[in-house]
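# Summary of the model geometry
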Amino acid sequence: MQNAQLRDLIAVIETGSVRSAARKLGLAQAAVSKNLSALEKSLGVPLLVRSARGVEPTEAGRIVLRRARVVDAELRHLQEEIERFNGEGQNVITIGLSATAEAMLLSEAVARFRESAPDALISVFGGRSSSTIAALREAKIDFAVGPLPTDQSVSDLNAEQLCSSDVGIFVRADHPAANARNLAALTNYGWLYSVRPQGDPAIVSLMRAHGLPEPKLVAHCDSSSALVDMLLQNDYVALNSVAGLEPLRQRGLLKLLAIDLGLPAAVQFLLTPMMRPLTTSAAALAAEFRRASRRLRR
């Protein structure tokens, strides 16, 4: 098994054909086909199958693909670190963030990190914790900050608790229900939410517990910017971490309703691969997320 064979497998699966993969890699089509055949022969199982949609991985191919992406990413990280050691190359750190972590920690962590690494480029990957953790396991991102998933084990990851925030109900400052004191006053409005435990959203359980009609769910927003934009431009109501939207409340754009929900806090964790070391730059950025979270715990 050779690195070039794994590289070509990844390219073929991602592009959907040997021809497209060869074009992407700048190689002859015959060379890519030869590498794929050699890889299948060394493993003793077929990795690819042709379908109406092009070339797709077999079940064994999907297993190899997950590992191949990790190997490919580690080799790229090694090359990038050596280039930076020699004063060359672009310093890129890719991170996965929940909407709450994005709002609570990102700005301060990045600002402090860039004081010592002004030329660094930070790429932010958003989404649900399940997709973020999948990206972390496949080495598509360096580390993640967000809640622990409730539907899968993270025993292969280091999970370090950073901070937590109460959960509250927000509306725009001039919302018709800006003075609401109970959930019953909000039954006619559409709901946005970013805190999503396994099963029904928390607002659904809350409404049921109070004997109220099912809430009108509009959107589950993994992006804090999407949630804020929809909240400010509509008569929607949002169930969100309080700390995540506190800056907008302080500026008078949003209002936190005085309704006691009795919900558990939204806890954010720093998630890193247990068997894969962070690059020097990624470790430095992770340290700034820790520092930003300590300020919130004071």
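Numbering of residues starts from 1 in every chain and runs along the sequence as written. The predicted origin of the model limits local features to residues at a pLDDT of at least 70 and limits the giving and counting of side-chain atom pairs to 80 or more, whereas totals for whole chains, interfaces and linings rest on all residues. The basis for every side-chain value is the complete set of heavy atoms in the structure, and neither hydrogens nor water enter the calculation.

- Per an unreviewed UniProt entry, the protein chain goes by the name LysR family transcriptional regulator and belongs to Ramlibacter agri.
- UniProt positions are given in the numbering used here, feature names are shortened, and annotations may be inferred rather than shown by experiment. Comment text from UniProt for the protein chain, heading Sequence similarities (unreviewed entry), reads "Belongs to the LysR transcriptional regulatory family."

## A word on a nonpolar patch on the surface
- What makes a patch is a set of residues exposed beyond 30% relative accessible area and free of salt bridges, joined within 9 Å when like-charged and within 5 Å when nonpolar (Val, Leu, Ile, Met, Phe, Trp, Tyr). For accessible areas, the Shrake-Rupley method is used with a probe of radius 1.4 Å. Any residue's cover is judged against the shown protein chains and nothing else. A pair is scored as a salt bridge if a Lys or Arg side-chain nitrogen falls within 4 Å of a carboxyl oxygen belonging to Asp or Glu. Taken together, the side chains of Val 71, Leu 75, Leu 78 and Ile 82 make up a nonpolar region of the molecular surface, amounting to roughly 320 Å² of accessible area.
- Secondary structure elements follow DSSP: runs of H or I no shorter than four residues count as helices, runs of E no shorter than two count as strands, and numbering proceeds from the N terminus. One can find Ile 82 in helix H4 (residues 59–85).
- Per-residue accessibility, obtained with a 1.4 Å probe over protein chains only, is compared with the maximum for each type, and a residue is labelled buried under 20%, exposed over 50%, and partly exposed between these values. When its relative accessible area of 43% is taken as the criterion, Ile 82 is described as partly exposed.

## Looking at the domain arrangement of the protein chain
- Boundary definitions for the domains trace back to an automatic or database domain assignment. The domain boundaries assigned to the protein chain delineate domain 1 (3–69), domain 2 (90–165 + 267–296) and domain 3 (167–264).
- With eleven residues of domain 2 in contact, the opposing surface of domain 3 contributes 15 residues.
- Buried area is a sum: the accessible area each of two parts loses on coming together, probed at 1.4 Å, counted once for each and added. Note on domain 2 versus domain 3: buried area summed over both sides is about 1,000 Å², and carbon and sulfur give 46% of it.
- Counting the surface domain 2 buries against domain 3, the share from its top three residues, Ala 99, Arg 128 and Ser 165, is 45%.
- Counting the contacts that link domain 2 with domain 3 gives zero salt bridges. Whether two residues are in contact is decided by their heavy atoms: any pair within 4.5 Å suffices.

## Overview of the pairing of strand S4 (residues 121–126)
- Where strand S3 (residues 92–97) meets S4, six bridges bridge the pair, whose relative direction is parallel. Looking at the pairing, Ile 93 lines up with Ile 122 of S4.
- Seen with its strands pointing away from the viewer, a crossover is right-handed if its path from the first strand over the helix to the second goes clockwise. The handedness of the S3 to S4 crossover, carried by helix H5 (residues 99–116), is right-handed. Between any two strands, pairing holds if DSSP finds at least two bridges.

## Observations concerning the sheet that holds strand S12 (residues 266–273)
- Overall, mixed pairing links the five strands, which are arranged S4-S3-S5-S12-S6 in an open sheet. Among the strands making up the open sheet, the edge pair consists of S4 and strand S6 (157–165). Put simply, the sheet's adjacent strands are angled 20° from each other on average, direction ignored.
- The convention used is that axes are lines fitted to C-alpha atoms, helices contributing only their stretch in contact, and that angles between N-to-C directions extend from 0 to 180 degrees. Packed onto the sheet, H5 meets S3, S4, strand S5 (143–146), S6 and S12 and runs at close to 155° relative to S3.

## Description of H5
- To estimate how far a helix should extend, the number of its residues minus one is multiplied by 1.5 Å. In a regular helix each residue adds 1.5 Å, so 18 residues correspond to 26 Å; H5 covers 26 Å between its end C-alpha atoms and thus fits that length.
- Along H5, the residues classified as buried are Ala 99, Thr 100, Ala 101, Met 104, Leu 105, Leu 106, Ala 109, Val 110 and Phe 113.

## Digging into the pairing of strand S7 (residues 167–172)
- Within S7, six of the six residues are buried, which leaves it mostly tucked inside the rest of the structure.
- Burial of S7 is two-sided: the residues Val 167, Ile 169 and Val 171 facing one way and the residues Gly 168, Phe 170 and Arg 172 facing the other way are all buried.
- Sheet topology places S7 next to strand S10 (residues 237–241); four bridges connect them, and they run antiparallel. What sits directly across from Val 167, in S10, is Ser 241.
- In this sheet, strand S11 (residues 254–256) lies alongside S7 in antiparallel orientation, the contact comprising three bridges.

## Here's the deal with the nonpolar core
- Formed by 23 residues in total, the largest nonpolar core has its most connected members in Ile 95, Leu 105, Phe 143, Val 145, Leu 285 and Phe 289.
- Ranked by residue count, the leading element in this core is H5, at seven residues.
- Residue contacts for Val 145: discarding those within four places in its chain leaves Gly 96, Leu 97, Ser 98, Ala 101, Leu 105, Leu 162, Gln 268, Phe 269, Leu 270 and Phe 289.
- Core analysis: the next-biggest nonpolar cluster, separate from the first, contains 22 residues, Tyr 193, Val 204, Leu 239 and Ala 266 among them. In these notes, a set of buried Ala, Val, Leu, Ile, Met, Phe, Trp, Tyr and Cys residues joined through side-chain atoms within 4.5 Å is what counts as a nonpolar core.

## Overview of the packing of aromatic side chains
- Working definition: a ring pair exists when centres of Phe, Tyr or Trp rings (six-membered ring for Trp) sit within 6.5 Å. Plane angles under 30 degrees give stacked, over 60 give edge-to-face, the rest tilted. This structure, assessed with the given rule, holds one aromatic pair.
- With a centroid separation of 5.8 Å and 80° between ring planes, the pair formed by Phe 143 and Phe 289 is classed as edge-to-face. Here Phe 143 is found in strand S5, whereas its partner Phe 289 is found in helix H10 (residues 280–297), with 146 residues between them in sequence. The burial state of Phe 143 is the same as that of Phe 289; both residues are buried.

## Regarding the layout of surface pockets
- Of the pockets and cavities examined, the second largest pocket occupies roughly 380 Å³.
- Elements that contribute at least two residues to the lining of the second largest pocket include exactly H4 and helix H6 (129–137).
- It is H4 that contributes the most residues to the lining of the second largest pocket, five residues altogether.
- All residues other than Ala, Val, Leu, Ile, Met, Phe, Trp, Tyr, Cys, Pro, Asp, Glu, Lys and Arg, Gly among them, are scored as polar; the first ten of these are nonpolar and the last four charged. When the residues that make up the lining of the second largest pocket are grouped by side-chain class, the tally is nine nonpolar, no polar and six charged. With a 1 Å grid laid over protein atoms only, a set of points is called a cavity when a 1.4 Å probe fits there but cannot get out and a pocket when it is open yet has protein on both sides within 12 Å along at least five of seven lines; lining residues have an atom within 4 Å of a point. Grid points are joined across faces, edges and corners, and a volume is the space filled by probe spheres set on the points.

## Some points on the sheet that holds strand S8 (residues 190–193)
- Taken together, the five strands give an open sheet; going across it, the order is S9-S8-S10-S7-S11, and neighbouring strands pair in mixed fashion. Edge strands, defined here as strands with exactly one partner in the open sheet, are strand S9 (216–220) and S11. Ignoring which end each strand starts from, the neighbouring axes of this sheet average 30° apart.
- In this fold helix H9 (residues 242–250) packs onto S7, S10 and S11, with an angle of close to 120° to the strand it touches most, S10.

## As for the pattern of salt bridges
- A complete count under the given rule lists 15 salt bridges for this structure.
- Note that Arg 69 and Glu 14 form a salt bridge whose closest N and O atoms lie 3.4 Å from each other. You can see Arg 69 sitting in helix H4 and its partner Glu 14 sitting in helix H1 (residues 3–15), a full 55 residues away along the chain.
- Residue class for Arg 69 comes out buried when judged on its relative accessible area of 17%.
- Among the salt bridges present, the one from Arg 172 reaches Asp 235, with a minimum N-O distance of 2.6 Å. Here Arg 172 is found in strand S7, whereas its partner Asp 235 is found in the loop between helix H8 (224–233) and S10, with 63 residues between them in sequence.
- If you follow the salt bridges from partner to partner, you end up with Glu 14, Lys 24, Arg 69, Glu 138 and Lys 140 in one network.

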